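Reading the structure
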There are 2 protein chains.
Amino acid sequence: MRLDTGGAKKRITIHDVAAAAGVSISTASKALNNTGRMGDETRERVKRVASEIGFRPNALARGLLSKRSFTIGLLTNDTYGRFTLPVMAGVSEALVDHGVSVFLCAIEDDPALGQVHVEAMLDKQVDGIIASGKRLDRRLPVDLSNLPVPVVYAFTEGAPDSVTFRSDDAHGATLAVEWLQSMGRRRVVHVTGPKEFFSVRERADAFRSVAGESAEVLCGIWSEGWGHDAVDQLWKRDGEKPDALFCGNDQIARGAVDALRERGIRVPEDVSVIGFDNWEIVAAQTRPPLTTVDMELKELGRQAGLTVLALAEGRPVEPGVRKLPCRLVVRQSCGGNSPKL
Amino acid sequence: MRLDTGGAKKRITIHDVAAAAGVSISTASKALNNTGRMGDETRERVKRVASEIGFRPNALARGLLSKRSFTIGLLTNDTYGRFTLPVMAGVSEALVDHGVSVFLCAIEDDPALGQVHVEAMLDKQVDGIIASGKRLDRRLPVDLSNLPVPVVYAFTEGAPDSVTFRSDDAHGATLAVEWLQSMGRRRVVHVTGPKEFFSVRERADAFRSVAGESAEVLCGIWSEGWGHDAVDQLWKRDGEKPDALFCGNDQIARGAVDALRERGIRVPEDVSVIGFDNWEIVAAQTRPPLTTVDMELKELGRQAGLTVLALAEGRPVEPGVRKLPCRLVVRQSCGGNSPKL
DNA sequence: GTCAACTGAAAAAACCTTTTCTCAAAAAAT
DNA sequence: ATTTTTTGAGAAAAGGTTTTTTCAGTTGAC
C-alpha cells in the first residue's frame, strides 16, 4: 500500500469565495479585510460564505504584495543546551498571537552552516531575525550586520548599536546573597565557573559588593565535580568554615551539597547552599531540593520576539542592552520558606 | 537615537538582473534555472551578472507559482524536555541541504494553541508537517488527519496508516542486558519507570527475554529518588543481591549509583549499573560516568525530515512504524572498555 | 530558390492577494 | 428637474517568479 501524500485536494482561493458569494474578487477581499466600502449585507454574506467553504488566505501571495511574510528566523548555536529552549518557547509564544511563525535554525558552531541558514531565511523574506546562543559573552559565528531585516540578540553578545536582551546576573547574584543573609548567614563563599565567562565576573562583583569586598570567590568549571572539590578544599583548611555557599550554577551546587552530606554536614541546618539557573532537572532532584536563581529566559524570549516584531513593523526601538531581572526560587537548600518581599 | 530598522534597502529582483544583462526577464529566469534554450554565452553572462549584483530569488513568489514553499512545520509539545531537542536538530540538519526551512511550533499541551499553529502553518503553505513529542505512546493534542499536506510522526504516537519514527526500545534493552552479561553479570535487575509507559513495558519484555523470564523488574517513577529507593529496597531484603542494575533512564541510574556508594558497594567492581537515554549532563557527570543506551534521536529526526520531504515531492513512502536501532555508549559504570562487535 | 526545421530570445499567462481606480446607480441638494 | 454627492461594487494593476507560447532569424534539405 502506498501512502496518500495528501497533496491532491486543491486549496480554495478567494476566487472560490467570490464565486460562491456572487461578488467580484476585489469585493471579496475588501469584505474579508474590513476595508473598502460596501453594504453590510454584502460584507456579512461574503464572510459567512468564506468561513463556510473554509477559505484561508494564502500567506505567500499576501506576503508577496505586502512585503511582510509574518515570519521571523531564530538562529541558535545551542542545540543541546538548556538556555535556548526556554528562549525559543518564549519567542514562539509571544509571536503566535500576532500570526508570526518562527523559523528554527540550528547552526551548531559552523559559520558556513550559519551563512546558509541566514541566506535561506532572507530568501524566504523573514521580517526579522533573533540571534540566540548559549553564552552571553560570545558571538554567533555569523555576520548579521548589514542585513536587509532587523536583528535582535537574546542571550548572546550583540553587535554595537543593536538591541540585546540578557539576564541581569548582577541582580541575580544580589538576590541570592541577600536571601542567604536574611537566613542569618554571614560567612558566604561564592563557588563559580571559569573567570573567562563575563557572567562569572559580573556575578562575582555583585557578590562582593553585597557580601563584603573580602568575601571569597572560588573559580573552577561548570561541573558537579568542581562543586564537590570546592567543598573539600574549603573544609580541609584551618580556621572558620563558611556557613553558606553561593554556587555559580545548579550543578556546582549539587556537587557541593553531595560533598557536604558526605562530610556529615547538614544542609540547610549547618550550611545553606544556593544555586543558579533553576534547571529543574538538577535543582528539584537534589536532596534537599535547591533554592536557586531563575534567569527568566522565557520572558527574555518573549520580549525579544515582541521587539523584533516592533522593528519589523517600523516602530522605533531604542538600541542597547536590556538586562532582565532574575527571580529567586525558594526550595529547601537554604532554609526559609518564601522570599522576603 | 533611533534604531535603523534596516528595511530601507530594496531587494534586487530578476528584473534588475535582466536589465543589467540586457536580456528579457524570461531569459534571465531560464538562464538561472538551467532550463530553456539559449546560447551558452548568454547563460553564462546572466549568471555572472546575477551573482555580481547579488541576486537572490524571492522564495515567496517562487512558492506561489510552484506550490512548494520549501518549508515544513515541526510541531512539538516537549518544550523543555530533552527528547525533542535532538530530533529538531536532526530535522533541521537534514533539510537545510535541500533548501527547506523548519517552522518551530511549541504547543505545550494546549489543543487550541496547536490548532492555531497548524492553521498558521497551512496558511504559510508548508510542504509538510512533522509531529514530535515527549512520549512514544501519547498523541499530540491536535487533529492532524485530513490535512492538505503530508504528516510524519517522530517520537510520538502517530495516526493509523501514517509514517511514524520511533526508537527501538526492545533493541536498546537487549543491547544493555547483553552488555551486562558480557561483563559476566548474571543477576540483573531492571529498575524502571511507570508501567503506564509503553516503552517501559516494551523494554521490560525485552529485558526478560534476554535475562530470563524470572528476572526481576521494579517499576517506579523517572527520578533519581526512585533509583535510590530501589537500591535500598533490593539490598534490605534477605538472600542473594543483584550483581547488575539495568535502569530505565540515566536519572534512575544515577540515583542507584549514589545509593550503592552510600552503602559502600563499589561500581562497577561489585555491581554494574547501566542507564538509558544517554543524557550527557546526567550520564557523564555521574561518578563513575554511566554506560548507557542512546536512542539516536538526531538520526530519528533526520530520517523524519527526509521522509516528509519525500512525501511532499510525491515520492511514494510505505506507511508504518519504523523502529530505529539504539546504540550502546560505554563509559565506566559497567566495567569493560568497548562494546563487543 | 523554396520550404521545413531549428535556434535564440522575447512576450504573455499564471500563481493569489491587496489596493487603487473607475463607474454606474441611487440619494441628496439646488 | 438638473446637478452634485454618496454609495456599492467591479476592473485593473501590482508584487516576483516560472512556464508556455510566440516569433523572427538561420540553417539545412530538396
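Residues numbered from 1 in each chain as written. Chains lettered and ligands numbered in written order. Predicted model: local features only at pLDDT ≥ 70, side-chain atom pairs only at ≥ 80, totals over all residues. Heavy atoms only, no water.

1. Notes on helix α9 (residues 224-236) of chain A
What counts here: For the purposes of this entry, the term helix denotes a DSSP run of H or I that reaches at least four residues, the term strand denotes a run of E that reaches at least two, and both are numbered from the N terminus. Multiply 1.5 Å by the residue count of a helix minus one, and that product is the helix's expected span. Classification of residues uses two cut-offs on accessible area relative to the type maximum, computed with a 1.4 Å probe and protein chains only: under 20% is buried, over 50% is exposed, and between them is partly exposed. Here, residues are in contact when the closest pair of their heavy atoms is within 4.5 Å.
For α9 of chain A, spanning 13 residues, the distance from its first C-alpha to its last is 18 Å, which sits close to the expected 18 Å at 1.5 Å a residue. Burial in α9 of chain A covers these residues: Glu224, Trp226, Gly227, His228, Ala230, Val231, Leu234 and Trp235 of chain A. As for α9 of chain A, its buried residues are in contact with β6 (188-192), β7 (217-219), β8 (244-247) and α10 (250-262) of chain A together with α10 (250-262) of chain B.

2. Overview of the pattern of salt bridges
Worth spelling out the cut-off: The salt bridge definition used is simple: a Lys or Arg side-chain nitrogen within 4 Å of an Asp or Glu carboxyl oxygen.
Scanning the entire structure with this criterion turns up 60 salt bridges over all chains. In this structure, Arg45 of chain A and Glu41 of chain A form a salt bridge, with 3.5 Å as the shortest nitrogen-oxygen distance. Note that Arg45 of chain A and Glu41 of chain A are positioned in helix α3 (residues 40-52) at a spacing of 4 residues, about one turn of the helix. Residue classification places Glu41 of chain A among the exposed residues on the basis of a relative accessible area of 53%. Linked by salt bridges that have partners in common, Glu224, Arg254, Asp258 and Arg261 of chain A together with Glu224, Arg254, Asp258 and Arg261 of chain B make up one network.

3. Examining the protein's contact with DNA strand C
Put simply, the rule reads: The criterion for a residue being near a molecule or strand is simple. One of its heavy atoms has to lie within 4 Å of it. Nitrogen and oxygen atoms within 3.5 Å of one another constitute a polar contact, given that in protein one can donate a hydrogen and the other can accept it, and given that sequence-neighbouring residues count only through two side-chain atoms. When residues are grouped by polarity, Ala, Val, Leu, Ile, Met, Phe, Trp, Tyr, Cys and Pro land in nonpolar, Asp, Glu, Lys and Arg in charged, and all others, Gly among them, in polar.
Around DNA strand C lies a shell of 27 residues, among which Ile14 and Arg62 of chain A together with Ser24, Thr27 and Thr42 of chain B are the nearest. Among all atoms of DNA strand C positioned within 4 Å of the protein, those belonging to sugar or phosphate total 54%. Between DNA strand C and Ile14 of chain A, the relevant distance is 2.6 Å, taken from a phosphate oxygen to a main-chain nitrogen or oxygen of the residue. Contributing elements (two or more residues each) for the surface near DNA strand C: α1 (14-21), α2 (25-33) and α4 (59-66) of chain A together with α2 (25-33) and α4 (59-66) of chain B. Counting residues per element, the surface near DNA strand C draws most heavily on α2 of chain A, which supplies 5 residues. Split by residue class, the surface near DNA strand C holds 10 nonpolar, 11 polar and 6 charged.

4. Here's the deal with the nonpolar core
Just so we agree on the cut-off: The set of buried Ala, Val, Leu, Ile, Met, Phe, Trp, Tyr and Cys residues whose side-chain atoms join them within 4.5 Å is what this entry labels a nonpolar core.
By size, the foremost hydrophobic cluster in this structure holds 93 residues, and its most contacted members are Phe246 of chain A together with Phe246 of chain B. Excluding residues that lie within four positions of it along the chain, Phe246 of chain B makes contacts with Ala173, Ala176, Val177, Leu180, Val188, Val189, His190, Val191, Phe207, Ile274, Gly275 and Phe276 of chain B.

5. Thoughts on the domain arrangement of chain A
Selection criterion: The domain boundaries here were taken from an automatic or database domain assignment.
Domain boundaries in chain A define domain 1 (14-57), domain 2 (67-167 + 297-325) and domain 3 (169-295). Its C-alpha centre places domain 1 of chain A at a distance of 37 Å from the equivalent point of domain 2 of chain A.

6. Quick word on the relation of the copies chain A and chain B
Between the two copies of the chain lies a relationship made up of a rotation around an axis and a movement along it. Put simply, the rule is: Residues reaching a pLDDT of at least 70 in both copies supply the C-alpha atoms on which the copies are superposed by least squares.
Between the two copies, chain A and chain B, the superposition gives an RMSD of 0.1 Å; the rotation angle is 180° and the shift along the axis is 0.1 Å. What the rotation and shift describe, once combined, is the action of a two-fold rotation axis. Relative to the rotation axis, the C-alpha of Phe103 of chain A is the closest in chain A, positioned 2.2 Å from it.

7. Quick look at the interface of chain A and chain B
In plain terms, the rule: The term buried area means the drop in 1.4 Å probe accessible area that two parts suffer when joined, counted for both and summed. Whether two strands pair comes down to DSSP finding at least two bridges between them.
Across the contact, 72 residues belong to chain A and 74 residues belong to chain B. Between chain A and chain B lies a buried interface of about 6,200 Å² when both sides are counted; carbon and sulfur atoms form 57% of it. Applying the counting rule to chain A against chain B returns 12 salt bridges. Ionic pairing is found between Arg287 of chain B and Glu262 of chain A, a salt bridge with its closest N-O pair at 4.0 Å. On the surface where chain A and chain B come into contact, there are 24 residue pairs in polar contact (both at pLDDT 80 or more). Only α4, α5 (84-96), β2 (101-106), α6 (111-123), α9, α10 and α12 (297-312) of chain A provide two or more residues apiece to the side of chain A that touches chain B. The class makeup of the residues in the side of chain A that touches chain B is 35 nonpolar, 19 polar and 18 charged. The pairing of β2 of chain A with strand β2 (residues 101-106) of chain B spans 3 bridges and is antiparallel. Bridge pairing in β2 of chain B links Phe103 of chain A to Phe103 of chain B.

8. Comments concerning the protein's contact with DNA strand D
As a structural note, the neighbourhood of DNA strand D is formed by 28 residues, with Ser24, Thr27 and Thr42 of chain A together with Ile14 and Arg62 of chain B the closest of them. The sugar-phosphate backbone supplies 51% of the atoms of DNA strand D found within 4 Å of the protein. Contacts to DNA strand D include Ala61 of chain A, whose backbone N or O atom sits 3.5 Å from a base nitrogen. Here a phosphate oxygen of DNA strand D sits 2.9 Å away from a polar atom, N or O, in the main chain of Asn58 of chain B. Among the secondary structure elements, those contributing two or more residues to the surface near DNA strand D are α2 and α4 of chain A together with α1 (14-21), α2 and α4 of chain B.

9. Examining the packing of aromatic side chains
Threshold: Working definition: rings of Phe, Tyr and Trp (its six-membered ring) pair if their centres are within 6.5 Å, and the pair is stacked with planes under 30 degrees apart, edge-to-face with planes over 60 apart, and tilted otherwise. A ring is scored as having a charge over it whenever the NZ atom of a lysine or the CZ atom of an arginine sits within 6 Å of its centre and within 35 degrees of its normal.
As enumerated under the stated definition, the model contains 9 aromatic pairs over all chains in all. An angle of 10° between the planes, with centres 4.2 Å apart, marks the rings of Phe103 of chain A and Phe103 of chain B as stacked. Separated into two different chains, Phe103 of chain A in strand β2 and Phe103 of chain B in strand β2 make up a pair that spans both. The pair Phe103 of chain A / Phe103 of chain B is uniform in exposure class, with both members buried. Cluster of aromatic residues (ring-pair linked, three or more members): Phe207, Phe246 and Phe276 of chain A. The residue whose ring lies beneath Arg68 of chain A is Phe70 of chain A, and the NZ or CZ to ring-centre distance is 4.4 Å. Between Arg135 of chain B and the ring centre of Phe197 of chain B, over which it is positioned, the NZ or CZ distance is 3.5 Å.

10. Side note on empty space enclosed by the protein
Our working definition: Definitions used for this entry: grid spacing 1 Å over protein atoms alone; cavity, a set of points where a 1.4 Å probe fits but cannot get out; pocket, an open set with protein on both sides within 12 Å along at least 5 of 7 lines; lining residue, one with an atom within 4 Å of a point. Grid points are joined across faces, edges and corners, and a volume is the space filled by probe spheres set on the points.
Scanning the model with the defined rule gives 8 cavities of 30 Å³ or more in all. Volume-wise, the largest cavity comes out at about 150 Å³. For the largest cavity, the lining is made up of 13 residues, of which Leu60, Thr71 and Lys124 of chain A together with Leu60 and Lys124 of chain B are closest to its centre. Mapped onto the lining of the largest cavity, the elements with two or more residues apiece are α4 of chain A together with α4 of chain B. A total of 3 residues in the lining of the largest cavity trace back to one element, the largest contributor, which is α4 of chain A. A breakdown of the residues in the lining of the largest cavity according to their chemical character gives 6 nonpolar, 5 polar and 2 charged.

11. Some points on unusual backbone geometry
Going from Val267 of chain A to Pro268 of chain A, the amide bond is cis rather than trans, its omega being 10°. Counting through the fold element by element, Pro268 of chain A comes out in the loop between α10 and β9 (272-274). Geometrically, the link from Arg287 of chain B to Pro288 of chain B is a cis peptide bond, its omega value of -5° lying close to zero. Position of Pro288 of chain B relative to the elements: it lies in the loop between α11 (280-283) and β10 (292-294). At Glu108 of chain B, a residue that is not glycine, the phi angle is positive and equals roughly 45°.

12. Here we look at the packing of α4 of chain A against α4 of chain B
Note the threshold: Every axis in this analysis is a line fitted to C-alpha atoms, fitted for helices over the stretch in contact. Angles between the N-to-C directions lie between 0 and 180 degrees. Helix crossings get a hand from a simple test, with the near helix turned counterclockwise from the far one by less than a right angle marking a left-handed crossing and a clockwise turn marking a right-handed one.
It is at 9 Å that the axes of α4 of chain A and α4 of chain B come closest, and there the two elements cross at 145°. For the crossing formed where α4 of chain A meets α4 of chain B, the hand is left-handed. Contacts between α4 of chain A and α4 of chain B involve Leu60, Ala61, Gly63 and Leu64 of chain A from the first element and Leu60, Ala61, Gly63 and Leu64 of chain B from the second. Of the residues that constitute the contact of α4 of chain A with α4 of chain B, the class distribution is 6 nonpolar, 2 polar and no charged.

13. Quick word on the confidence of the model for chain A
We apply this condition: Residue-level confidence of the predictor is summarised by pLDDT, bounded by 0 at the bottom and 100 at the top.
Looking at chain A as a whole, the pLDDT averages 92, with 96% of positions reaching at least 70. Every residue in residues 4-8 of chain A scores below 50 in pLDDT, and together they form 10 contacts with partners more than four places removed in sequence or on other chains.

14. Quick look at helix α8 (residues 198-211) of chain A
A rise of 1.5 Å per residue sets the reference length of α8 of chain A, with its 14 residues, at 20 Å; its end C-alpha atoms lie 20 Å apart and thus fit the reference within 8%. Of all the residues in α8 of chain A, the buried ones are Ser199, Val200, Glu202, Arg203, Ala204, Ala206 and Phe207 of chain A.

15. Structural notes on the environment of Trp222 of chain A
When you line up the elements, Trp222 of chain A lands in the loop between β7 and α9. Counting along the chain gives 188 residues from Trp222 of chain A to Asn34 of chain A, while the straight-line C-alpha distance between them is 56 Å.

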